[in-house]
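# Summary of the model geometry
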Amino acid sequence: MPALLLEIGFEDLPAEEAESVAQAFREAFARELQAARVPHGPIRLFWTLRRVALLVEGIGERQEDLVEEVRGPAAAVGLDAQGNLTPAGLGFLRRYGAAPADLVRKRLGDKEYLFLRVRRPGAPVAELLEGIVARALAAVPCSKFMRWEGPTAFLRPIRWVVALRDGEVVPLRLAGVEAGRLSQGHRFFGGPVALRHAADYAEALRAAKVLADPEERARLLRAAIAAVEQEHGAKAALSPELWTMLLGQTEWPRPVVGRIPAEFLELPEPVVVAALREEGKFVPFTRGGRIAEVFLGFAEGEGDPEVIRRGYERVVGIRLRDARAFFEEDRRRPLSARVPELQGVVYEARLGTLWDRVERIRRIARRLAAELELPADLLDRAALLCKADLLTVMVREFPELEGVMGGIYAGLDGERPEVARAIAEHVRPRTREDPLPESPLGVALSLADKLDGVIGPIRVGEIPTGSRDPYAVRRRGSAAVRLILEKGLRLDLFALVEDVADLYPGTEPAARVKAFLWDRLRSALEERAIPYDVADAVMAQESGDFLGVWERAQALAAWAGKPELSALALAFSRVRNITKGQEAQGFRPELFSEDAERDLWRAYQEVGPRVDAALAQHRYAEALEALLRLKAPIDRYFDEVLVMCEDGQVRANRLGFLRELSQLFLRVADLSRLVVPG
Amino acid sequence: MNTFQDLVLALHRFWRAQGCALMEPYDLEKGAGTFNPATFFGVLGPRPWRVAYVEPSRRPADGRYGENPIRFGLHHQYQVILKPPPPDIQDLYLRSLEAVGLDLKEHDVKFSHDDWESPTLGAWGVGWQVWLDGMEITQFTYFQQMGGVDLDPVSVELTYGLERIALFLQGQESAFDLKWAEWLTYGELFRERERQFSVYHFARANVERARQMFDFHEAEAKECLSLGLVYPAYDHTLRCSHLFNTLDARGALATAERETYIARVRALARACAETYLAEVVGARASPRDRV
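Per chain, the residues get numbers from 1 upward, laid out in the order the sequence is written. Just so you know, chain letters begin at A and ligand numbers begin at 1, following the order they were written in. With the structure being a predicted model, the display of local features is reserved for residues of pLDDT at least 70 and the display and counting of side-chain atom pairs for 80 or more, all residues being used for whole-chain, interface and lining totals.

### Considerations on the overall build of chain B
As a reminder, the rule being used: By definition, any uninterrupted DSSP run of H or I lasting at least four residues is a helix, any uninterrupted run of E lasting at least two residues is a strand, and each is numbered from the N terminus. Between the buried cut of 20 or more and the exposed cut of 12 or fewer other C-beta atoms within 10 Å of a residue's own C-beta lies the partly exposed class, and all C-beta atoms are placed from the backbone. Contacts here follow a simple rule: the backbone-placed C-beta atoms of the two residues must lie within 7 Å.
The helix and strand inventory of chain B stands at 8 helices and 10 strands. In terms of overall dimensions, chain B has a C-alpha envelope of 55 × 55 × 35 Å along the principal axes. Here chain B, with 291 residues, has 49% of them falling under the buried criterion. Considering only intrachain contacts with a sequence separation of at least 6, the fraction spanning at least 24 residues in chain B is 66%.

Right, here's the structure in full:
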């Protein structure tokens, strides 16, 4: 089977977006092939910032035939009374070149119709490709669309297209560009490349100084970084963003190592790291928590390494000189002097200024200090100062230093170390992978910050829908849940939300906030591999103690699938079903008449206090184990006792007891929600 | 010959050969060559347009008292507008660098994603910063909108940072050591001016009078617009823009107020663009122009 090569050449795509565009294009292309019934083998993806190429193995000659039924005239019209074809029926046959034997009669609604099974032969793939490529490209999401000429809009202009089926050009046009066999090698060191065969692609481009295979580039980058680490005994300060940029920036990367002028090594390490990493330019290195004197850049192509190194060092020197000037400028006033100016900065039109935000964070932090037994004065100081660095020149120039810079300046101002640290940590986690704050005050301040970032937008109606979440409410909600679960924070989140409700404008009720957070908790359980039925069971009753829900989920998940638990779940389901909808009502044990009834009552009296004691100490596994002892008495009870008996008083008494028993279970989990095998 | 003026001449020769009309700098303060009417009005409407010119560009907040080797309150841009953009525009641009004497095979050249936006002009585009060995030497933009108006056809704007390119050509570390002419350095010409304007913009500019001047020019621009006098209106818009930059550098604007000033300038720029399209382009649209 032949191979198909499709390459689209662009003016330089944004380095940070090239990979996602390439992958989206491959997926869309595969979808279109399938929709068009084109048989094909594996699709290999190549990309650089100037091209996206697909090598489709085993591409079919023609699309697969389609067999479908077409509806003709109603039977009463197509056939006469004797069952012979009328002119209308004959016309239908003729249109599809079919014989009378191919006809089928089928009822549709209350009428019978003539049908034909028609085989539509597949078109040659070469004729379909133009449409497939155009539709696939149109399905690629871009951060921004531009127009250059004609109606097509994409991330950057399309400048060449290669379409080869083995050695043959497949004629097609894309965005006004005629496909051919001419690709482009490296801008300065390659030149045009006439491809002879689809399968030659990667090799032909390598000869023209383009590493089209991203894996190959990644290996080269990693090796160069490791070499510097080894030679200088230092560790690369990479970030996911920097890595994406490096991988996307060059077609033929060449490592160039430069040195940072000694005068700048005294600057705070995060500042130098941010200045070097800015715009994905250079890889900084650290050694023992301090910035190392070397940095690494990747030049595009095979320029003169000495010339390039001098250029890199000059740029680094200029930027670090800027950074030092920002640092000195910022240090002319203490961080605390900037706090009043937060009143002049709008955070969000409805949610007021940054000062309003700080005031709300302080209120939440005060609650947290009480609940988590933290030093309230220190936490309040950190909360007061935590947004002031947004007004520094350094953070304006290097937004990624938000928080970090506040911590550094606060420390230099002589604020308490715990305060400085809390300020530095409160912006974490910025992403799902980002580590959480480590200090207790940092954890609390981060939680206060995240909660304000959830409650505020939701109260004014900015509830995330689908992919629309301009205030990153979901990310902040998930971060808040992560802090509670991973840092083991015992607090009633719902009570807190109610308590601070009066701080917020907007008309959405606090219940919306609670429901949103509850939903984030459900996602968190899912991400932590809690089976959905276990999550359902522990979340059957709302609770502001998220940590407790998580612990109950873990305890239950540890037992999930075991026969003991399944048996208990079945037993409880009987209790739950019969008491559903029953009002709480008293009962009198002395009215119990049957052995099984008294037996269950005794077991309940023994188990109940143990469950409650375990719950009080958050020992949920123990609570669950205690409940397991109720399984046999419950089973016996339902075998021997007729709850819904004739005597209304006895019936009510029994239901009253079962309801109380049910409540005991529900304090741990609604086991009736568990999926029981069999 | 490798002086600053030689660089300008080489670019002039190159772009003249590409059919550009060589324009002169516009005689009002402005933050970038984009504000020159040859760009602002030139990119509007359907008429093909190719111009190139030097534009001394004032950015008060970028002043560094003449002490930073490549940051200035006034720098020199070389501005090229190509409407519609030719399909080989990237190559053409790179050839222009070679034409001024850069051997690109010695260097690391990258087109680094950088979308451009001018909130005061109501303009945006997508494109790149061009990096030479990591230093930004050109802003390369496909304009999509100007004065709030969607452009059709779009234009490419090339903005060369002349001082930075000259550093490479003359092998200098500081722009103040560049030769403007054989007998005259950039430092002799501009260092003292940089110092004085930094003092003025950061510490001395009279905030109250600057606000008043802004108000005057805004009122004048509006009045001109009401009379259909779009070019005078645009001049006053430029003055507003520069006064805003002055107030901003002076640290006189709180964030919210800053937004308000930007919105006021943008409203004028929009009105200029719309008036120009309606009165000037509309009136000009003879069959010959509608090719």
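### With respect to the domain arrangement of chain B
Residues and elements named next belong to chain B. Condition: Each domain's limits were defined by an automated method or a database of domain assignments. Residues are sorted three ways: Asp, Glu, Lys and Arg are charged, Ala, Val, Leu, Ile, Met, Phe, Trp, Tyr, Cys and Pro are nonpolar, and all the rest, Gly among them, are polar.
Under the domain assignment used here, chain B contains domain 1 (4–201) and domain 2 (206–289). Domain 1 and domain 2 are separated by 23 Å when their C-alpha centres are compared. On the domain 2 side, the residues contacting the 24 residues of domain 1 number 24 residues. When its residues are assigned to classes, the side of domain 1 that touches domain 2 shows 12 nonpolar, 7 polar and 5 charged.

### Considerations on the interface of chain B and chain A
On the side of chain A, 31 residues touch chain B, which itself brings 31 residues to the contact. The residue makeup of the side of chain B that touches chain A, split by class, is 16 nonpolar, 8 polar and 7 charged.

### Concerning the domain arrangement of chain A
All names here are of chain A. When cut into domains, chain A gives domain 1 (4–62 + 124–207), domain 2 (67–120), domain 3 (214–330), domain 4 (336–528) and domain 5 (550–673). For domain 1 and domain 3, the distance between their C-alpha centres works out to 33 Å. Contributing elements (two or more residues each) for the side of domain 1 that touches domain 3: helix 1 (18–35) and strand 2 (43–48). Partitioned by chemical class, the residues of the side of domain 1 that touches domain 3 number 6 nonpolar, 2 polar and 3 charged.

### Some thoughts on the sheet that holds strand 9 (residues 158–165) of chain A
Residue and element names in this part refer to chain A. The condition is simple: One bridge is not enough; two strands pair if DSSP finds at least two bridges between them. Axes here mean lines fitted to C-alpha atoms, for a helix over just the part in contact, with angles spanning 0 to 180 degrees between N-to-C directions.
Within the open sheet, the 5 strands sit side by side as 2-3-1-9-10. Their pairing is antiparallel. In this open sheet, the two strands that pair with only one neighbour each are strand 2 and strand 10 (168–169). Summarising the sheet, strand 1 (residues 4–10) and strand 3 (residues 51–56) pair through 6 bridges and their orientation is antiparallel. Across the sheet, the residue bridging to Glu7 is Ala53, located in strand 3. The sheet strands contacting helix 1 are strand 2 and strand 3, and the helix crosses strand 2 at an angle near 155 degrees.

### With respect to the sheet that holds strand 18 (residues 290–300) of chain A
Strand pairing in a sheet relies on backbone hydrogen bonds. The paired strands run either parallel or antiparallel. All names here are of chain A. Spatially, 15-17-18-16 is the arrangement adopted by the 4 strands of the open sheet, whose pairing is antiparallel. Single-partner strands in this sheet number two, and they are strand 15 (235–236) and strand 16 (253–259). Sheet topology places strand 17 (residues 283–287) next to strand 18; 4 bridges connect them, and they run antiparallel. By the bridge assignment, Thr286 is partnered in strand 18 with Ile291. Contacts from helix 9 (residues 305–330) reach strand 16 and strand 18, with the element oriented near 55 degrees to strand 16.

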